[in-house]
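Residues per chain, in single letters:
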Amino acid sequence: MTVEEQGHELSEGGPRGKVSVSLLLANGELLVEEKGIPSEQKVANLMQKACAALPDDINGSCISLCSAHGSVLKPSQSLLEAEIHDSILTVVLIDDGEALDIIERHFHDLIMQRNGCLGNPSRLTDKGFQFPSLQAHVEKQGKIEDDSVGDEFYPVPGMYGGFRTRVVKATYGWVLTCFSFCRVCEGAEEDHEITVAGVVRVG
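Residues numbered from 1 in each chain as written. Predicted model: local features only at pLDDT ≥ 70, side-chain atom pairs only at ≥ 80, totals over all residues. Heavy atoms only, no water.

Student: How should I be thinking about the environment of Gly28 in this particular structure?
Tutor: Residue position: Gly28 is located in the loop between strand S1 (18-25) and strand S2 (30-38). The exposure class of Gly28 is partly exposed, given its relative accessible area of 45%. (Helix = DSSP H or I, 4+ residues; strand = E, 2+ residues; numbered from the N terminus. Buried < 20%, exposed > 50% of the residue type's maximum accessible area, 1.4 Å probe, protein only.)

Quick look at the structure:
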């Protein structure tokens, strides 16, 4: 059955597809083996299981899952959406600082994209804008070990609005959620979720 056929069955309420997935560390060590799980299960569920199976000495690490083709899977995707069938996935370990740096770069790109200047940060910095530091955000709102860190609002010059941002440390690593808006443009509100895998619009 093709991915398209599986998707059709899912959308029509038909039988759910089943997949088997093995999660391996980069050194080839098997962490988790899941057989016959529903294809609509979220990637985040597998990430949580991988975290639970990590040895105690690295239990505090953030992780991401990579496909055989090297693409990083988004936690909010289902296995079907990520085109994961019977697969071997690699568990990539990332420390907190590196994870925040990656998410920060994605966040900066989103800010520029929303302001029509992707790849040209000077259009904002020349107006006095300072791109947010997530390390500073975490240090201001709470210790990096905390499960969650409070909201910050980042106004952007010329946007007549900005980004209300929250950083949370989920079971599998850091997640940034943000609500952005422009006061003079009706319907310009957008919600995004950002992880080391990239940016996903969720509203």
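Student: Where do I start with the sheet that holds S1 in this structure?
Tutor: Two pairing modes exist for strands in a sheet, parallel and antiparallel, and in both the strands are linked by backbone hydrogen bonds. Within the open sheet, the 4 strands sit side by side as S2-S1-S4-S3. Their pairing is mixed. In the strand order of this sheet, the two ends are held by S2 and strand S3 (62-66), each with one partner. Taking each pair of neighbouring strands and ignoring which way they run, the sheet shows an average axis angle of 25°. Against the sheet, helix H2 (residues 43-53) makes contact with S1, S2, S3 and strand S4 (87-94), and its axis sits at roughly 150° relative to S2, the strand it touches most. (Pairing = 2+ DSSP bridges. Axes fitted to C-alpha atoms, helices over the stretch in contact; angles between N-to-C directions. Contact = heavy atoms within 4.5 Å.)

Student: Would you explain the pattern of salt bridges in this entry?
Tutor: One pass over the full model with this rule turns up 6 salt bridges. Salt-bridge contacts for Glu190 lead to Arg201; the nearest nitrogen and oxygen are separated by 3.3 Å. Here Glu190, found in strand S8 (residues 190-195), pairs with Arg201, found in strand S9 (residues 198-201); they are 11 residues apart in sequence, far enough to count as distant. One salt-bridge network, in which partners are shared between bridges, spans Arg114, Glu190 and Arg201. (Salt bridge = Lys/Arg side-chain N within 4 Å of Asp/Glu carboxyl O.)

Student: In this structure, what is going on with unusual backbone geometry? I would like to understand it.
Tutor: The phi torsion of most residues other than glycine is negative, and most of the peptide bonds are trans. The backbone of Glu83 sits at a positive phi, close to 60°, despite the residue not being glycine. Tracing the backbone through its elements, the reader meets Glu83 in the loop between S3 and S4. What makes Glu83 exposed here is its relative accessible area of 53%. Phi at Tyr160 is positive, roughly 55°, even though this residue is not glycine. Within the fold, Tyr160 resides in the loop between strand S5 (148-156) and strand S6 (161-170). Overall, the relative accessible area of 52% leaves Tyr160 in the exposed class.

Student: Explain the environment of Glu193 to me, please; I cannot follow it from the model alone.
Tutor: With respect to the helices and strands, Glu193 occurs in strand S8. For the pair formed by Glu193 and Thr165, sequence separation is 28 residues and the distance between their alpha carbons is 9.9 Å. Ignoring anything within four residues of it in the chain, the contact list for Glu193 reads Ser76, Val175, Leu176, Thr177, Gly198, Val199, Val200 and Val202.

Student: I keep staring at the state of the cysteines and nothing clicks. Help me out?
Tutor: Following the criterion strictly, the structure yields 0 disulfides and no others. Note on Cys51: no disulfide assigned, nearest cysteine sulfur contributed by Cys62 at a separation of 7.9 Å. (Disulfide = S-S within 2.5 Å.)

Student: How should the pairing of S1 be read in this particular structure?
Tutor: Strand residues, when the strand is regular, have side chains that alternate between the two faces of the sheet. In terms of burial, S1 is largely enclosed, as 6 of its 8 residues are buried. What sits between S1 and S2 in their antiparallel hairpin is a turn of 4 residues, with Gly28 showing a positive phi close to 95°. Here S1 pairs with S4 via 5 bridges, running parallel. For Leu24, the partnering residue across the bridge sits in S4 and is Thr90.

Student: Would you take a moment to explain the packing of aromatic side chains for this structure?
Tutor: Centre-to-centre distance and the angle between the planes together describe a pair of aromatic rings. Applying the stated criterion to the full structure yields 5 aromatic pairs. For the ring pair Phe153 and Phe181, a centre distance of 5.9 Å and an interplane angle of 20° mean the geometry is stacked. Separated by 28 residues along the polypeptide, Phe153 in strand S5 and Phe181 in strand S7 (residues 173-182) bring together distant segments of the chain. On the basis of relative accessibility, which here comes to 26%, the residue Phe153 falls in the partly exposed class. Taken together, a centroid distance of 5.7 Å and an interplanar angle of 25° make the contact between Phe179 and Phe181 stacked. Given the relative accessible area of 32%, Phe179 is considered partly exposed. Each residue in the set Phe107, Tyr154 and Phe163 is aromatic and connected to the rest through ring pairs, giving one cluster. (Phe/Tyr/Trp six-rings, centres within 6.5 Å; stacked < 30°, edge-to-face > 60°.)

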